[in-house]
Amino acid sequence: MDMQKQRLGIMGGTFDPIHIGHLITAEIVRTDFHLDKVLFIPAGSPPHKQGQIITPAVHRYLMTVMATASNPHFAVLPMEIERSGPSYTIDTVRRLLNEYGPNTELFCITGADAIRDLLTWKDLDTLLDLCWFAAASRPGALEAIDPIIARLGEKGRNRVLRVNTPQLDISATQIRERLRQGLSIRYLVPESVAEYIKKEQLYTEQ
Ligand code: ATP
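Everything quoted here is computed from the prediction, not taken from an experiment.

What counts and what doesn't
Residues numbered from 1 in each chain as written. Predicted model: local features only at pLDDT ≥ 70, side-chain atom pairs only at ≥ 80, totals over all residues. Heavy atoms only, no water. Pairing = 2+ DSSP bridges. Helix = DSSP H or I, 4+ residues; strand = E, 2+ residues; numbered from the N terminus. Axes fitted to C-alpha atoms, helices over the stretch in contact; angles between N-to-C directions. Parallel < 35°, antiparallel > 145°, perpendicular 65-115°, else oblique. Left-handed = near helix turned anticlockwise from the far one by under 90°. Contact = heavy atoms within 4.5 Å. Nonpolar A, V, L, I, M, F, W, Y, C, P; charged D, E, K, R; others polar. Buried < 20%, exposed > 50% of the residue type's maximum accessible area, 1.4 Å probe, protein only. Arc of directions from axis to C-beta.

**Comments concerning the sheet that holds strand 2 (residues 37-42)**
Consideration 1: Taken in spatial order, the 6 strands make up an open sheet running 3-2-1-4-5-6, and their pairing is parallel. Lying at the two open borders of the sheet, with one neighbouring strand each, are strand 3 (74-76) and strand 6 (160-164). Direction aside, neighbouring strands of the sheet carry axes that sit 30° apart on average.
Consideration 2: Bridge count for strand 2 against strand 3 is 3 bridges, and the pairing is parallel. The residue of strand 3 that forms the bridge with Phe40 is Val76.

**A few points about the packing of helix 2 (residues 57-68) against helix 10 (residues 191-199)**
Consideration 1: Two elements in contact, helix 2 and helix 10, have axes whose closest approach is 8 Å; the angle formed by their N-to-C orientations is 150°. In this view, helix 2 runs roughly antiparallel relative to helix 10, as classed from their interaxial angle. In the crossing of helix 2 with helix 10, the sense of the turn from one axis to the other is right-handed. Between helix 2 and helix 10, the residues in contact are His59, Leu62, Met63, Met66 and Ala67 and Ser192, Val193, Tyr196 and Ile197, respectively.
Consideration 2: Here the contact of helix 2 with helix 10 is built from residues that sort into 7 nonpolar, 2 polar and no charged.

**Examining helix 10**
Consideration 1: Every buried residue belonging to helix 10 is among Val193, Tyr196 and Ile197, and all of these are buried. One face of helix 10 carries all of its buried residues, which in axial projection span an arc of 100°. Those residues of helix 10 that are exposed and aimed more than 90 degrees away from the buried face are Glu191, Glu195, Lys198 and Lys199.
Consideration 2: Summarising the contacts, the buried residues of helix 10 are in contact with helix 2 and helix 9 (172-180).

Limitation: the analysis is restricted to geometry and does not speak to function.
Here is the structure:
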């Protein structure tokens, strides 16, 4: 790792909606790896969620902006929602390296569940050349990704960094389900996001 370079975290996700699991993970990776910034990048059309109905990008983008607004080290980029077609991380990473220049190191922040799918990611070999992966999870769940890392060979072993986080068993799926059932989501998402969901009447259809 080159400490002279600018260090940027990439927190990609559908964020449908963003929740405290995303925020806590991003903040812990940021501090553990001394990142200058974490860029939250809502996916336009996530390749692993094709065929699923997802909330219009403008809502997911605005909720991500609201959830991250109070953290001076967090920023939100609309680049994937502005692009048509599936959102591949390799395209995003190439574009960011182009924009921020060669004096930049990128860290893709993912939950352990996303690492389990890593072998299916587009142009994985090149991706491992271009960025670090910070795999965040609680101890125990992290060990479960070791066989995947082993299959990535030496490159993967060097590039995938494990981070212990107090992973909360919270998912956007669970939050959408609670909203459909009329249950509280207080403390699962920032208050501003909960209010926005209510105002826009998101996630209420059966
Ligand atoms: P859904 O339930 O709709 O699939 P999700 O809650 O998993 O959504 P995504 O937006 O798909 O959220 O996830 C973006 C990234 O955040 C992924 O890398 C995922 O592993 C990670 N992530 C999601 N929830 C958590 C959590 N509770 N703790 C740590 N990482 C998480």
